Structures are given as C-alpha cells and as structure tokens.
Amino acid sequence: VWTDTEISRRLGIRYPIIQGPMGGGYTTPQLVAAVSNAGGLGSLGAYTFSPEQLVETCAKIRSMTSLPFSVNLWVPQPEEERLAFSDADFLSAAKRLAAYRKELGVADPIRPERYTQSFAAQIEALYEIAPRAFSFTFGIPPSQVLRECHKRNILTIGVATTVDEAVAIEAAGADFVVAAGSEAGGHHGSFLAAAEESLVGTLALVPLVVDRVKIPVIAAGGIADGRGITAALALGAQAAQLGTAFLVCPESSASPSHRAELLSQHAYHTTLTRAFSGRLARAIENRFVKESKASEGAITPYPVQNWLTQPIRQAAGKASRPEFQSLWSGQAAPLIRERTAANLVESLVAETDRVLAQLART
Ligand SMILES: Cc1cc2nc3c(=O)[nH]c(=O)nc-3n(C[C@H](O)[C@H](O)[C@H](O)COP(=O)(O)O)c2cc1C
C-alpha cells in the first residue's frame, strides 16, 4: 500500500503527501489545517513571523485541526549577520528601485533596526508550540536545537538541494530530508554552495540522495499530480511535497493576480532570479524580473533586497499589477487547477491509485 511509508507512519498522517511550507504568509492557518484534516501534512512557512505571531498562528491552526502539522523556519546564514549596510549603501540600493516605488505610489524606505526576525526567539516559540515536525531550510540549525526538538518529540526535517547537503543534514541528526529539485517554485534553499551551482532536477536528485542517506527522503519540485507522486515513490522517496499546486487553493493567501498568472499560459515560462529577495528563487517571468536581468550582478544581497522589494510587491498585489509581483511558481504550474485544499489532496490520492493500477496492468 503506497500510503503506508515510514514517513506517513512517524508523522501520523494518512497519506505521504506534504503541503510544502510557503513563507511570506501564503500558508494560512486555513490551508495548513485543511491539508492536515484531509490526511496530508499541512506546513506553516513561518520565517517572517515574530515569536508572538508564530504562537498565535499555531493556536489558530490547532483550533481547526487536532491532526499533525509542521512549522518551517529559515536558518540564518553567516553572511546575513555580517551584512552591515552603511547608510550610503542602503540609500543607493533603495535608489535602484525608486522608479517602481514611484509607479506604484510607495513611500521611500527607512533603514530598519534589523531586517529579519531573531531565529533564536523563533526557536523558543517553536519549543513552546511543539508541532509534530519542524522543517528548516537555508542551512542546519545548531545541534542543540535538533537535540532539544528530539527531547520534545518534534520530528526534524532538513531541506537539501544537493547530495552534499542531504549528507550534512543526516549527519546533524535530522529525522527526514527533503530532496528539493530545481523545478520547485520559490527559493532554492542551498547552503553549501551557491544556488546557481546547486541546481539538480528532482528526477536525478531523489535517487542520488536515497542512495547516500539512511533517513527517509521527501521528494519536492515539479510534482503536481498523481503521476508526479508515483514517480517520486518509484525513485525511492517516502513522501511527496507540493508547493505551487497549493498556491491556487482558495485557502492560500496568494493575490488574485498571482493566481490568475499561475493558471495562465505565462506559467509555462518560469525563471530563476535574485531580483526579489537577493536569493535565487523560481518565479513566472514578468517585467520586474526582465528589467532586473540587465543588472543581476548589482542586486543587493538578502536580506536587504528582500526588505526593499517587499513594499513594492505588496502594493503591486493590492493594485493587481502582476508585472511587479513576485509570481513564485514551480515548473509544473501548467498542470495545476483551482480547487480546495481538501479536494486537491483527495484528487492526488485518487490519481496516484489510478496511475499505480495502470502500471500494474502493463
Ligand atoms: C511561494 C513559495 C514559498 C515557499 N517558501 C518556502 C519556505 O519558506 N520554506 C521552505 O522550506 N520551502 C519553501 N517553498 C518550497 C515548498 O515548500 C516546496 O518544497 C516546493 O514548492 C515544491 O516544489 P513545487 O513548487 O514544484 O511544488 C516555497 C515554495 C513556494 C512556491
């Protein structure tokens, strides 16, 4: 029975189908709870949340489901801490985006005290919440954090974009590893080498990782229907993680224009860009991405670029101007359809049953 894997058993979920965490608010409590209630694992992308928001949001999820869910955080990388931008640097970085702010009526930015939440404080909130699983990307948390999670019965899941990263995640003591292929939408959480040097497709990455680590592997990137889930299982994965397919569910917070783009012919043309956050991520190509391509080398690093483009992207979402939004999307987006999260999980299960039955007949 394909649904009975070590991952589904240990997480306590009916189907080895994971709704990928999507930071930036996309994975609303409604989405996470709906997926968990439907028998998958809902995941909260929480890297932008303050500890208080994290506690509050998880309480909301728990008011809608008593089933397991996971919380995802971004591990701070050493260079982030070193990024002490001077006022002059900040002003020149902000100036490069002035034309967009003008076009959208966005005020000039003020340099913040800090650009990101405190990871240590988020981790304290995580301990208090004690979700079934904690997943992390862009690195590996200090070993003390993983030990503390184990003590509190929180399963730990690391995201790898290369075999080396998967091996490091296993060595650190994580319970599961996500093999995240370069087809995936959103950011590429590479941490041992530059993201541009870590672009391995899911079809190659999953069996390479399966052969090198003993911990169970979750396949992610380019999976959008029962064919993708069957393929992931055939490659040796014990669960499939989908992000983009859940973005168009009514429970996600993607803007109406982002949804429309995902469901349009434009979704055939995704690209990898650092334009929105300073980190490499996959999105549907639009005017902002195209115009940034000319000056890709001059893009301010994360987290400054992320902070500077955020008000532009937000205003563009409100004004239904997809040309200035971060239209995060994986390469399989043209396969997705709009339906509720529960309906999507049900269809994925039914399709996987069908594909496996077909294969058994041939
Ligand atoms: C909008 C968006 C935001 C994402 N944010 C995160 C995140 O915060 N943390 C993380 O580990 N993965 C993140 N991901 C990756 C997803 O969890 C998932 O692994 C990926 O979307 C799977 O590939 P697919 O988009 O082809 O389905 C994000 C993906 C998208 C599309």
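Residues numbered from 1 in each chain as written. Predicted model: local features only at pLDDT ≥ 70, side-chain atom pairs only at ≥ 80, totals over all residues. Heavy atoms only, no water.

*Asks:* Would you mind going over empty space enclosed by the protein with me for this structure?
*Replies:* To locate leftover empty space, one rolls a probe as large as a water molecule over the atoms. Scanning the entire structure with this criterion turns up two cavities of 30 Å³ or more. Of the pockets and cavities examined, the largest cavity occupies roughly 70 Å³. If you go around the largest cavity, the residues you meet are Ile18, Pro21, Leu41, Ser43, Ser70, Asn72, Ser135, Ile157, Val159, Val178, Ile218 and Gln241. Counting residues per element, the ones that place at least two in the lining of the largest cavity are β3 (69–74) and β5 (155–160). A class-by-class count of the residues in the lining of the largest cavity yields seven nonpolar, five polar and no charged. Considered as a void within the structure, the second largest cavity measures approximately 30 Å³ in volume. (1 Å grid on protein atoms, 1.4 Å probe; cavity = no way out; pocket = protein on both sides within 12 Å on 5 of 7 lines; lining within 4 Å. Points joined across faces, edges and corners; volume = space filled by probe spheres on them. Helix = DSSP H or I, 4+ residues; strand = E, 2+ residues; numbered from the N terminus. Nonpolar A, V, L, I, M, F, W, Y, C, P; charged D, E, K, R; others polar.)

*Asks:* Looking at this structure, I do not really get the layout of surface pockets. What am I missing?
*Replies:* In this model, the second largest pocket occupies a volume close to 300 Å³. Along the walls of the second largest pocket sit 18 residues, with Gln77, Glu79, Ser190, Arg274 and Arg279 positioned nearest its centre. Residues of the lining of the second largest pocket, tallied by class, amount to ten nonpolar, four polar and four charged.

*Asks:* Help me out: how do you make sense of the sheet that holds strand β10 (residues 270–273) in this one?
*Replies:* The pairing of strands in a sheet comes from backbone hydrogen bonds and takes either a parallel or an antiparallel form. A sheet is described by the order of its strands in space; here three strands give the open sequence β7-β11-β10, paired in antiparallel fashion. Each of the sheet's edge strands pairs with one partner strand only, and the pair in question is β7 (186–187) and β10. Here β10 pairs with strand β11 (residues 281–284) via four bridges, running antiparallel. Its bridge partner lying in β11, Thr270 is registered against Ile284. (Pairing = 2+ DSSP bridges.)

*Asks:* How do you make sense of the site of the ligand when you look at a structure like this?
*Replies:* If you check the shell around the ligand, you find 22 residues, and the closest are Pro21, Asn72, Gly222, Gly243 and Thr244. At 3.0 Å, a backbone N or O of Gly185 approaches an oxygen atom of the ligand. Within the backbone of Gly221, an N or O atom sits 3.4 Å from an oxygen atom of the ligand. Taken by itself the ligand offers 600 Å² of open surface, and the protein chains cover 94% of this. For the shell around the ligand, the secondary-structure elements that each account for two or more residues are β3 and β9 (239–242). Residues belonging to the shell around the ligand are distributed by class as follows: ten nonpolar, eleven polar and one charged. (Near = heavy atom within 4 Å. Polar contact = N/O pair within 3.5 Å; in protein donor to acceptor, adjacent residues only side chain to side chain. Areas by Shrake-Rupley, 256 points an atom, 1.4 Å probe, with all protein chains shown as cover.)

*Asks:* Help me out: how do you make sense of the sheet that holds strand β4 (residues 133–137) in this one?
*Replies:* Read from one edge of the open sheet, eight strands run β1-β9-β8-β6-β5-β4-β3-β2, paired in parallel fashion. The open sheet terminates on both sides in strands that have one partner only, identified here as β1 (17–19) and β2 (42–45). Pairwise comparison of adjacent strand axes, ignoring direction, gives a mean angle of 25° for this sheet. Where β1 meets β9, three bridges bridge the pair, whose relative direction is parallel. The residue of β9 that forms the bridge with Ile17 is Ala240. Against the sheet, helix α10 (residues 202–212) contacts β5, β6 (176–180) and β8 (217–220), and its axis sits at roughly 155° relative to β6. (Axes fitted to C-alpha atoms, helices over the stretch in contact; angles between N-to-C directions. Contact = heavy atoms within 4.5 Å.)

*Asks:* I keep staring at the packing of aromatic side chains and nothing clicks. Help me out?
*Replies:* Each pair of aromatic rings is reported with the distance of its centres and the angle of its planes. Taken as a whole and assessed by the stated rule, the structure comprises ten aromatic pairs. Summarising the aromatic geometry, the rings of Tyr47 and Trp74 are spaced 3.6 Å apart at their centres and angled 5° between planes, so their arrangement reads as stacked. Of this pair, Tyr47 sits in the loop between β2 and α3 (51–64) while Trp74 sits in strand β3, and the two are 27 residues apart along the sequence. Ring plane angle 85° and centroid distance 5.9 Å describe the contact between Tyr115 and Trp307, whose orientation is recorded as edge-to-face. Of this pair, Tyr115 sits in the loop between α6 (98–104) and α7 (119–129) while Trp307 sits in helix α15 (residues 304–318), and the two are 192 residues apart along the sequence. By the ring-pair criterion, three or more aromatic residues cluster together here, those being Tyr100, Phe276, Phe288, Phe324 and Trp328. Directly above the ring of Phe138 sits Arg279, whose terminal nitrogen or CZ lies 3.9 Å from the centroid. (Phe/Tyr/Trp six-rings, centres within 6.5 Å; stacked < 30°, edge-to-face > 60°. Lys NZ or Arg CZ within 6 Å of the ring centre and 35° of its normal.)

*Asks:* Could you clarify how one ought to interpret α3 in this entry?
*Replies:* Because the α-helix completes a turn every 3.6 residues, residues three or four places apart line up on one side. Over its 14 residues, α3 runs 20 Å from end to end, which matches the ideal 20 Å to within 8%, given 1.5 Å per residue. Against α2 (29–37), β2, β3 and α7 lie the buried residues of α3. (Expected span 1.5 Å × (residues − 1).)

*Asks:* Please explain the environment of Gly20 as it appears in this structure.
*Replies:* Structurally, the position occupied by Gly20 is in the loop between β1 and α2. It is 9.2 Å that separates the C-alpha atoms of Gly20 and Ala240, two residues lying 220 residues apart in sequence. Look past the residues within four positions of Gly20 in its chain and what remains in contact with it is Thr27, Ser43, Gln241 and Leu242.

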